[in-house]
Amino acid sequence: MSPFYTSKIATNMSQRTVSRSFYELLSSMRFAISLFTILAIASVVGTVLKQNQPYTDYIIKFGQFWFVAFKALGLFDVYHTGWFIVILAFLVLSTSLCIWRNWPAMLRDMRSYRESATEQSLRHFHHQAEFPAHANSVSQLRTYLTTQGWKYREDTRADGILLAAKRGSANRLGYLLTHSAIVLICIGGLVDGNLPLQFQEAIGTKKIETRDIPASEVPPISRLSANNLSFRGDVTIPEGSSADIIFINSGDGYLVQELPFRIALDKFFIEHYTTGQPKSFASNITILDKSTGKPLLHHTIKVNHPLVYDGVAIYQASFGDGGTRLRLNGWNVLNSNNQPFPFGGVVHERSSLASDNLPLTVEFTEFHPFNIEGSGDAKPQAAHLGGNAVADNKDLHNVGPSFEYKIRAADGTAHAYNNYMLPVQIDKRWFVVSGMRSSPAEPYRYVRFPLDPDATLTGFMSLRAVLMNPTLYPEIAQRVTNVIMPDNPTARAQLTDSTIKVLTLFGQGGFKALSDFIEQRVPADQRDRAAETYLKILEMCAWQAWGMARSDAHLSPPVANEASGWFLRDSLNAISDLFFYGSPVYLQLSAFDQVQSSGFQLTRSPGKNIVYFGSFLLVLGVFAMFFIHERRLWLLVRPDRILCTMSGNRLTLDFENEFRQRCQDIARIGKES
């Protein structure tokens, strides 16, 4: 044979060897178990780690380093990553090959009675015994096997008769059912893995939208048709509105999925526990024809009670504000204006605002119709910005509505605010509270605006306006001087100058400005005395300013008592905190028209039923393997003796007891003549 043909034959043999090895690897139990292990670990990660959230949420939660690592592994969308889909595909292939390779032999074995077994082979069984026989033993053994539920076949031989019996052959079906179930479950996962979309993204015909733009402006390349094989997305619908799309979070953006119908939210209902936590919530919806707008179905969706329509499951997922209309009073808190101006806005929308010729944008983010707080909760109890409350009383009660918003300056910087509508009682005094923070990572720090003796905010705002009006400082100082030193001209001039200086410092920066002045100008050993003197002067100025404010409002002079003293001290604290408020405007909620919204999750999962059927087969298969025991019994009957041999798929204690029972029964039959 020529070297060429020798080389070609060797190459063909090598290729067949490699193909056979690859086939054996795919269909091996060890390979399948390895794939199962990887899938199990991935499923745990996909269960513990919330999937398909915006990337910014993951960055805040894990930090930049772990975000990059988890993103590279595809852990933010485990069930749709390429490696997960490939593992599912290999598991389907491996298990299918395993079934294909073993099912013919299993079916033959299930149908076979092995009636051709020789006496020599039977005597090699571990469980065997011999008993005497008589002329009627064969007929009696036939009757015995039938009554005991054994199926058997009979082989007549020259030296005797072999009765080959079996029971529990359906145990072998367990293997086929479980393996078939695994294939079906994986196929269901592949169907719901949205392979067409992943393919379209890979070749560039579909692209994730990352811009924050209205849904109507999303281009076709980022939109999915209503005929999409499978999807899972979310949509929030305000009361009285409808939607025919959902948003699918994907990576650092989203895709717009068209629906085959339109959903209209008629009414949203919610019940709360006494703690304020949601007890139950539901939505009355109407399914509308997408082209004509004709109502097709009215239904109430509750938590864990979805509606399935046209192959799409609609789940009640969340709730929120749907655009509550707010009516507000705006107060300029850093100038001498003491009159509010009307202002308004809608939650989830923006409004323009100008204060002291500064262009501002107000972004209304949330509205809470009620707030269940304890009288020791830190939110309304914080004395001032930077203050911390100590929770010492956990009596829960409703402190009324509140709303959240951001005020954004022209340079893009913003502060977030949380303002309560109704006054809150703290230490037996009433305040209107407003919280501020500079970033979402910070807790709210609260300013307390005290109510005047008439239970209004007007007294504080009028007092604040006088104390922030430099043109009134000489008059205030003169009044204070007349009270303290009515008959000393020289000392009066010095006291007047000092009083104006205190008012000027406080009007420019609050207590911090006074503290900085004392640290810079007063020797260290005299600072405590100077601070005490300045505070007394400031309180006297506040009293005179309050009298002036009430006189301008044509009100009676203030009454000197403990309540008035607390009002002045609380007012000075609040005015001082306003310099750290981050905004020149305080927005006070006066009225609102609440609009609620309902959040729905919509899914189309054609593979779900395949998975359910596979799970059903898996239960049947496990039951067959563990609770159906295969038994085989051979009775070789000769004229003078009976050879009994028994085997099973599991040699358990039950098998041992059964073998002993069979031996006793057959021995009794052998003795009967």
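Analysis parameters
- Residues numbered from 1 in each chain as written.
- Predicted model: local features only at pLDDT ≥ 70, side-chain atom pairs only at ≥ 80, totals over all residues.
- Heavy atoms only, no water.
- Helix = DSSP H or I, 4+ residues; strand = E, 2+ residues; numbered from the N terminus.
- Contact = heavy atoms within 4.5 Å.
- Areas by Shrake-Rupley, 256 points an atom, 1.4 Å probe, with all protein chains shown as cover.
- Lys, Arg positive; Asp, Glu negative; His and termini not counted.
- Charge placed at Lys NZ, Arg CZ, Asp CG, Glu CD.
- Pairing = 2+ DSSP bridges.
- Axes fitted to C-alpha atoms, helices over the stretch in contact; angles between N-to-C directions.
- Core = buried A, V, L, I, M, F, W, Y, C linked by side-chain atoms within 4.5 Å.
- Buried < 20%, exposed > 50% of the residue type's maximum accessible area, 1.4 Å probe, protein only.
- Disulfide = S-S within 2.5 Å.

**Some points on the overall build of the chain**
- Scanning the chain from N- to C-terminus turns up 16 helices and 26 strands.
- Its C-alpha atoms give the chain principal-axis dimensions of roughly 150 × 65 × 60 Å.
- A fraction of 64% describes how many contacts in the chain between residues 6 or more apart in sequence connect residues 24 or more apart.
- Looking at the chain as shown, the accessible area adds up to about 35,500 Å², and 57% of this sits on carbon and sulfur atoms.
- Each charge class in the chain was averaged separately, 64 positive and 60 negative side chains, and the resulting centres sit 11 Å apart.

**Some points on the sheet that holds strand β26 (residues 641-648)**
- Taking strand neighbours across the sheet as the criterion, the 5 strands line up as β1-β26-β25-β3-β2 in an open arrangement whose pairing is antiparallel. Two strands lie at the open edges of the sheet, namely β1 (128-132) and β2 (151-157), each paired on one side alone. Across the sheet, the mean angle from the axis of one strand to that of its neighbour is 15°, orientation sign disregarded.
- Pairing geometry for β1 and β26, over 5 bridges, is antiparallel. Looking at the pairing, A129 lines up with C644 of β26.

**So, the nonpolar core**
- By size, the foremost hydrophobic cluster in this structure holds 61 residues, and its most contacted members are F403, Y405, F449, L457, F460 and Y586.
- If you look at the next biggest cluster of nonpolar residues, it comprises 28 residues, including Y55, V78, I85 and I99.

**Structural notes on the state of the cysteines**
- One pass over the structure, following the stated rule, counts 0 disulfides.
- A disulfide-free cysteine, C98 has its sulfur positioned 13 Å from the sulfur of C186, the nearest such atom.
- Here C98 falls in the buried class, since its relative accessible area comes to 10%.

**Examining the sheet that holds strand β23 (residues 585-593)**
- Strand order across the open sheet formed by 3 strands is β13-β12-β23, with antiparallel pairing between neighbours. With one partner strand each, in any of the chains shown, β13 (341-346) and β23 form the two edges of the open sheet. Looking at each pair of strands side by side, their axes are set apart by 30° on average, direction ignored.
- Relative to β23, strand β12 (residues 325-332) runs antiparallel, the two being bridged by 8 bridges. Note on β23: the bridge partner recorded for G330 is L587.

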